[in-house]
Every structure is written in C-alpha cells, then in structure tokens.
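# Coordinate analysis (summary)
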Amino acid sequence: VQLQASGGGLVQVGGSLRLSCTAPGSGFSINAIGWYRQAPGKQRELVAFITSGGSTNYADSVKGRFTISRDNAKNTVVLQMDSLKPEDTAVYYCYADWALSRLRSWGQGTLVTVSS
C-alpha cells in the first residue's frame, strides 16, 4: 500500500511549504504517521510524527519551525514547514504505521528545495 504525498517544490530561504500525505482505505486505523527526509549524500532522518492520540515528536533541527497535524477520518497527515533553511533541502517521505497489521507504508517522496 503506497501513500500519496504532495506539496513539495522550490522555495526561498525563510519561506513556507505545506506537505500533505494520504493513506488509502479510510476506516483502517493508523498508529503513528509522519515524515522522514533524505538529503543528497546523507542518511534518511526522521523529521516528525504524530500518534493516533495526537502526540507529536520533532527532530531538534525542525522544532519551532515545522508543525505536523493529522485528520484521522481522512487518514491524512500535513507537515507545515515555515522559516525554511537551505539545510531543509531533501526528499521528504511520509509513512504510516497500520494498527492492525503493524506494517509500515511509505509515500513516493516529494522534493523540497530551499534556495538561498
């Protein structure tokens, strides 16, 4: 099962972007849902996630700048990215941990480029 991600693009330093990701099959419960990113030549890193209960977790590098939210009824997660920096440039991947199967699904990746 692949998630559908959207919202990447090119933005200048200090700008904002909004990433969205939808998991198919509304009605199936999802535990944590969130985002990783991978910059060129670097390992994939966890950016943020949100649990089914609404608890959030952020990488130190994005705290205070990124906000994650979810709509459980629509199996959708949104990552609002503000005050973007060149080091935020990466391919962003959403993921979802399904409650019943305990398997993880991934999105196709969306490129975010922050120009200085």
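No experiment lies behind these values; they were computed from the predicted model shown.

## Focus: the pattern of salt bridges
By the definition in use, this model includes 5 salt bridges. Residue R37 pairs with E45 through a salt bridge whose shortest N-O separation is 2.6 Å. Classification of E45 as partly exposed rests on a relative accessible area of 33%. With a shortest N-O distance of 2.7 Å, D88 and R65 are connected by a salt bridge. Of this pair, D88 sits in the loop between β8 (76–81) and β9 (90–98) while R65 sits in the loop between β6 (56–58) and β7 (66–71), placing them 23 residues apart in sequence. Residue D88 is classed as buried on the basis of its relative accessible area, which comes to 0%. Salt bridges sharing common partners tie together R37, E45, R65 and D88.

## A short note on unusual backbone geometry
A positive phi angle, near 50°, is found at N75, a position not held by glycine. Counting through the fold element by element, N75 comes out in the loop between β7 and β8. A relative accessible area of 4% means that N75 is categorised as buried. Positive phi, normally seen in glycine, also occurs at S83, with a value near 50°. You can see S83 is positioned in the loop between β8 and β9.

## Here's the deal with the nonpolar core
By size, the foremost hydrophobic cluster in this structure holds 30 residues, and its most contacted members are W35, V47, F66, I68, L79, M81 and Y92. Elements supplying a minimum of two residues to this core: β3 (17–22), β4 (30–38), β5 (45–50), β7, β8, β9 and β11 (110–115). A total of 5 residues in this core trace back to one element, the largest contributor, which is β9. Residues within four places of V47 in sequence aside, it is in contact with W35, Y36, R37, N57, Y58, A59, V62, F66, L79 and Y92.

## Here we look at the packing of aromatic side chains
Applying the stated rule across the entire model yields 3 aromatic pairs. Note on Y95 and W106: the rings are 5.8 Å apart at their centroids and 45° apart in plane angle, and the pair reads as tilted. Taken as a pair, Y95 in strand β9 and W106 in strand β10 (residues 104–106) lie far apart in primary sequence, 11 residues in all. Residue classification places Y95 among the buried positions, given a relative accessible area of 2%. Grouped by ring-pair contacts, the aromatic residues Y36, Y95 and W106 constitute a single cluster. Positioned above the aromatic ring of Y93 is the side chain of R44, whose terminal nitrogen or guanidinium carbon lies 3.9 Å from the ring centre. Across the ring face of W106, the terminal group of R44 is positioned such that the distance to the ring centre comes to 4.9 Å.

## Observations regarding the sheet that holds β8
An order of β1-β3-β8-β7 is seen for the 4 strands of this open sheet, with the pairing classed as antiparallel. Edge positions in the open sheet fall to β1 (4–6) and β7, since each of these has one partner strand only. Direction aside, the axes of adjacent strands within the sheet are offset by 15° on average. Inspection of the sheet shows β1 paired to β3 by 3 bridges, in the antiparallel sense. What sits directly across from S6, in β3, is S20.

Calculation rules
Residues numbered from 1 in each chain as written. Predicted model: local features only at pLDDT ≥ 70, side-chain atom pairs only at ≥ 80, totals over all residues. Heavy atoms only, no water. Salt bridge = Lys/Arg side-chain N within 4 Å of Asp/Glu carboxyl O. Buried < 20%, exposed > 50% of the residue type's maximum accessible area, 1.4 Å probe, protein only. Helix = DSSP H or I, 4+ residues; strand = E, 2+ residues; numbered from the N terminus. Core = buried A, V, L, I, M, F, W, Y, C linked by side-chain atoms within 4.5 Å. Contact = heavy atoms within 4.5 Å. Phe/Tyr/Trp six-rings, centres within 6.5 Å; stacked < 30°, edge-to-face > 60°. Lys NZ or Arg CZ within 6 Å of the ring centre and 35° of its normal. Pairing = 2+ DSSP bridges. Axes fitted to C-alpha atoms, helices over the stretch in contact; angles between N-to-C directions.

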